[in-house]
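Coordinates in review
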Amino acid sequence: MARYRVETACLLAPAVLFLLLLFVVPLARLFSLAFTDEGGVFATFGVLAESEVYRRVMLNTFVVALAVTLITVLLAWPVAYALSRLKGFWFALALYGVLFPFWISVLVRTFSWMILLERNGPINRLLQGLGVTDQPLALLFNDTGVMIGMVHVLLPYAIMPLYAAMARVDRRLLLASDGLGAGLLDTFARVYFPLVLPGLLGGATFVFLLSLGFFITPALLGGANAITLSMLIASFVTDRLAWSLAAAGSLVLLLVVLALLAVAARLLPLDKGMFAR
Amino acid sequence: MTPGAVQQSGLSLRFAGAAKSYGDVEALKPTDLTIAAGEFLTLLGPSGSGKTTLLNLAAGYQEPSAGRIFIGARDVTHLPARHRNIGMVFQNYALFPHMSVVDNVAYGLKVRRLARSEIARRVEAVLRLVHLEGYGQRGVQQLSGGQQQRVALARALVIEPDVLLMDEPLGALDKQLRRSVQLELRRLHEEHRRTTIYVTHDQEEALVLSDRVAVMRDGRIEQVGSAGDLYDRPVNAFVAGFIGESNLLPARVTAIAGGQAQAEVDVLGRSLTAAVAPGLQPGQPAALLIRPEHVLVGEEPGVTAEVAEIVYLGELTALNLRLESGATLWARRITSHDLRRGTRVTIGWKQEHARIVPT
Amino acid sequence: MTRQPLWLSILAHGGAGLVLAFLVLPIVAVLPASVNKASFIFLPPRAYSTRWYGEFFLDSEWRSALSTSLQVALIATVVALVLGTVSAIGLRRIRGRWHSLLTGLFLAPMIVPVIVTAVAVYRSALDVGLAGTVLGLGLSHAMLALPFVVINVGIALRTVDDNWLRAAAGLGAGPWTVFRTVTLPNITPGLVGGAVFSFITSFDEVVVAVFMAGYANKTLPVKIWESIRLEYTPVVAVAAVLMILLAMLLFGGAQALGRGQSILKKSEQPQA
């Protein structure tokens, strides 16, 4: 038995060591910077909390993440539902439609949106051609652009768990409800929706958490007009070399994410498989 | 519901030429069948014989490709399940996993928008009926298989359905539990006489429960009748083989007159006369049917045979008898130890116990 | 089997079609952009040319970015695959508290926001002189890729019955032989999946790379990132097309190899 334990320890040790050195220690070192500012132990958090600008950034991050999550869930619903009903060729086609964007770099996808959303880009010209608008809409370098890009990137994360939940719904439960006299609305509200709710909330939580830490898409599509917390952290490091502020911001972001994750884990039977992308 | 009083609840159910096909596959061939109000009818057959299709047509979960379906006097052919007032007990029950026992049972009443007090009263009554008092607040996944089965039954009964439909409701239970639930179902039926269609592939279950049994094969009803009808007067070799044990010896029918057939049975090396299943024509492939308990050993004059195998079943013994032609048949008799393997015997049967059936 | 009203069916499938178009079509937009003849991106192009593909491969900066990216991705894949496989096997041998603790640790790089990881890793890399090196990039990408290997191999390991290992050992095979002859052949699909995910994770990664790359060792995404933020030409679209092609090649290949394991398999339907 002792031999078995030693073998197991040898199997696990390299990766644990690797992660400690490259991940845990660097994180700890970074966070320690937040508390070793010359202004005092919690001075950095004070700066973040008191500045009107920083408060607006955090609020904006939250609002954008919330809006993105809502839109994503709404758009994910019909796709997940169709996936759960389709078979054969159409199922494969729809599934690849969801997986294909998943495979493509976020940077490339964001770049595509930059081309499309430009002032003189195809979408603005199409809208003008259709007479929807007289002059080009500002779709880029503001929250609109950020939300379009983020919804696009995050949709698959909402679709897959929702689809999994819908596919798991036993058809006979719906038949049973029907046979007991329930109309479509009753069957939906009392049986179908409660059964897919864990998948929906799981996907929404995941999307919300990813939204909070999103960097590339808001940085490229939002620019200076739509700054998020992650952009702020990056600019502390690259533009201002304000490491202690970057550390404080990072810690805040991580704690918020972990807190939400803990709440979600308590409320939802989170599928481990959900994280396998 | 005064205890002991026999009520009759429910309506008659009638299939008129109802059929269901998927593309080229005929799941149910055009079928006429009437279940009387208060009757308990079992659909018996192997899987894929069309019994579940017939049940789904009755429930309204599928629409027939042809024909009509009536509940009472009402044509329900195109009426969705939710408007039919049927009670369905599914295989594996299909209980709502996110609801308690009470919520499962109350479901049909809630969607009918009944008053709370009325719902509570009826749920309590039906839980008492199926002996689940005190289990109301449990989650359905905390229940044993037998308890889940009773919740499913309660959920179907509480809406006072015109017809009760059950799809292999005891399939997931172990054999002993199945016995006791069968008796329970019979008690409930005898108290309430609710029109019931019951699907099973277990012949014993069918015989225990039903007023009438419909034996199905390949999307068609082969025969409908009481247990006795099916056992004593099967219309063909399939029904004979499906209900009880049977010896079927190939026979050639040469003449038919007055319900009796003249047939040559080569493996016996003789020709004989026996009752014939209706509709059989001379020359059609046929078999001589004799139930094992009707084979008499030591009958003189008889056919000579040799005891090939002896199987003790307790108070009964099954004998495998090899005829001179090499064909074998089974006999059953009260156990006695006068025979052993290799003993030569003569066997026979009473003429009224032999029957010629098409194969 | 449930009767679904026609309007609902049309609404659901129509909506799904629109959303899927929203998912797929924008990505394809870089393709026409890359064969645009003009020196600025205009869609749809007025004239077509492959000149920007030429520019991409003639420009030493783009070429070296591509080569750096491939080197980094290779290091990341090898490191993540070896460490991840070994730990997935180790994880299977433990239970209880330690199991959840270590699983949490192995999956943590996926949960911590990348910007946080990037800043932290960059800070420490500066201190030990790994910032701006290919090795530093490769190792930090290996860390990000590790969870995918642990997950993929872990799933594949579930198909390996412990009794097979006992049987092989009982027949006289040593631990290494058991691994090579019994475990390995059965987890190959998971290994392939893990390797593909690792490679793509590294090849596509921007955030850590933007901090870590420095001047000498820009990866392809870093070069794209910088070009987009300054003045971009259709060369960026060419780079984007190349990234799409590589991802499709790798994922398509992995799907073809690992059909049995693929996510394509619709979740098991309850018994009808």
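All values derive from a computational prediction rather than experimental measurement.

Quick look at the overall build of chain A
- Within chain A one finds 12 helices and 0 strands.
- Its helices and strands taken in sequence order, chain A reads α-α-α-α-α-α-α-α-α-α-α-α from the N to the C terminus.
- Overall, chain A is about 75 × 70 × 30 Å in size when its C-alpha atoms are taken along their principal axes.
- Out of the 277 residues belonging to chain A, those deemed buried represent 51%.
- If you take every contact in chain A between residues at least 6 apart in sequence, the share linking residues at least 24 apart comes to 74%.

Looking at the overall build of chain C
- Helix and strand counts for chain C come out as 12 helices and 0 strands.
- Ordered by position from the N terminus, the helices and strands of chain C form the series α-α-α-α-α-α-α-α-α-α-α-α.
- Each principal axis of the C-alpha distribution contributes one length, and for chain C these read about 70 × 65 × 30 Å.
- For chain C, with 272 residues in total, the buried portion stands at 45%.
- Taking the contacts inside chain C whose residues are at least 6 apart along the sequence as the reference set, 75% of them involve residues at least 24 apart.

With respect to the interface of chain A and chain C
- Listed by partner, the interface residues are 70 residues for chain A and 66 residues for chain C.
- Looking at which element gives the most residues to the side of chain A that touches chain C, the answer is helix H1 (residues 2–35) of chain A, with 15 residues.
- Across the side of chain A that touches chain C, the residue classes tally to 55 nonpolar, 9 polar and 6 charged.

Some thoughts on the pairing of strand S13 (residues 270–276) of chain B
Residue and element names in this part refer to chain B.
- The sheet contact formed by strand S12 (residues 260–265) and S13 spans 6 bridges and is antiparallel. What sits directly across from Val 265, in S13, is Arg 270.
- In sequence, S12 turns back onto S13 through a hairpin of 4 residues, with Gly 269 there showing a positive phi of about 70°.

Things to note about unusual backbone geometry
Residue and element names in this part refer to chain B.
- Even without being glycine, Asn 85 reaches a positive phi, approximately 55°.
- Examined against the element boundaries, Asn 85 turns out to sit in the loop between strand S5 (74–75) and strand S6 (86–89).
- When the 21 C-beta atoms within 10 Å are taken as the criterion, Asn 85 is described as buried.
- In this structure, His 131 is a non-glycine residue whose phi angle is positive, near 60°.
- On the secondary structure map, His 131 appears in the loop between helix H3 (116–129) and helix H4 (145–157).
- Using a count of 12 C-beta atoms within 10 Å as the deciding quantity, one classes His 131 as exposed.

Regarding the interface of chain B and chain A
- The interface is formed by 16 residues belonging to chain B together with 15 residues belonging to chain A.
- Contributing elements (two or more residues each) for the side of chain B that touches chain A: S6 and helix H2 (101–110) of chain B.
- Here the residues of the side of chain B that touches chain A sort into 12 nonpolar, 2 polar and 2 charged.

So, the confidence of the model for chain C
Residues and elements named next belong to chain C.
- Taken residue by residue, chain C gives an average pLDDT of 86. The fraction at 70 or more is 93%.
- Considering only residues more than four positions removed or in separate chains, one finds that residues 260–272, a stretch of pLDDT under 50, has 14 contacts.
- Predicted complex, confidence summary: ipTM 0.87, pTM 0.82.

Some thoughts on the domain arrangement of chain A
Residues and elements named next belong to chain A.
- Taken domain by domain, chain A comprises domain 1 (1–35) and domain 2 (50–275).
- Put simply, the middle of domain 1 and the middle of domain 2, counted by C-alpha atoms, are 32 Å apart.
- Counting residues at the interface gives 4 residues for domain 1, matched by 6 residues for domain 2.
- When its residues are assigned to classes, the side of domain 1 that touches domain 2 shows 4 nonpolar, no polar and no charged.

Overview of the sheet that holds strand S15 (residues 296–297) of chain B
Residues and elements named next belong to chain B.
- Pairing is antiparallel in the open sheet, where 5 strands are placed in the order S15-S19-S16-S17-S18. Strand pairing shows two members of the sheet lacking a second neighbour, S15 and strand S18 (328–334), which therefore form its edges.
- The sheet contact formed by strand S16 (residues 303–312) and strand S17 (residues 316–323) spans 7 bridges and is antiparallel. Bridging across to S17, Tyr 312 finds its partner in Thr 317.

Observations concerning the nonpolar core
- Judged by nonpolar contacts, the single largest core of 171 residues is most densely connected at Leu 162 of chain A together with Val 119 and Ala 240 of chain C.
- Counting contributing residues, this core receives three or more from each of domain 1 (1–35) and domain 2 (50–275) of chain A.
- Those residues in contact with Leu 162 of chain A that sit more than four places away from it in its chain are Ala 76, Trp 77, Ala 80, Val 196, Gly 199, Leu 200 and Gly 203 of chain A.

Observations regarding the sheet that holds strand S8 (residues 196–200) of chain B
Residue and element names in this part refer to chain B.
- Taken together, 6 strands build an open sheet; the order of strands is S6-S7-S8-S3-S9-S10 and the sheet is mixed. Edge positions in the sheet fall to S6 and strand S10 (220–225), since each of these pairs with one other strand and no more. Strand-to-strand twist across the sheet, computed as the mean angle between neighbouring axes with direction ignored, equals 20°.
- Docked against the sheet, H4 engages S6 and strand S7 (163–167), running at close to 170° with respect to S6.

Reading the values: the criteria
- Residues numbered from 1 in each chain as written.
- Chains lettered and ligands numbered in written order.
- Predicted model: local features only at pLDDT ≥ 70, side-chain atom pairs only at ≥ 80, totals over all residues.
- Helix = DSSP H or I, 4+ residues; strand = E, 2+ residues; numbered from the N terminus.
- Buried ≥ 20, exposed ≤ 12 C-beta atoms within 10 Å, placed from the backbone.
- Contact = placed C-beta atoms within 7 Å.
- Nonpolar A, V, L, I, M, F, W, Y, C, P; charged D, E, K, R; others polar.
- Pairing = 2+ DSSP bridges.
- pLDDT = per-residue confidence, 0-100.
- Domains from an automatic or database assignment.
- Core = buried A, V, L, I, M, F, W, Y, C linked by C-beta atoms within 7 Å.
- Axes fitted to C-alpha atoms, helices over the stretch in contact; angles between N-to-C directions.

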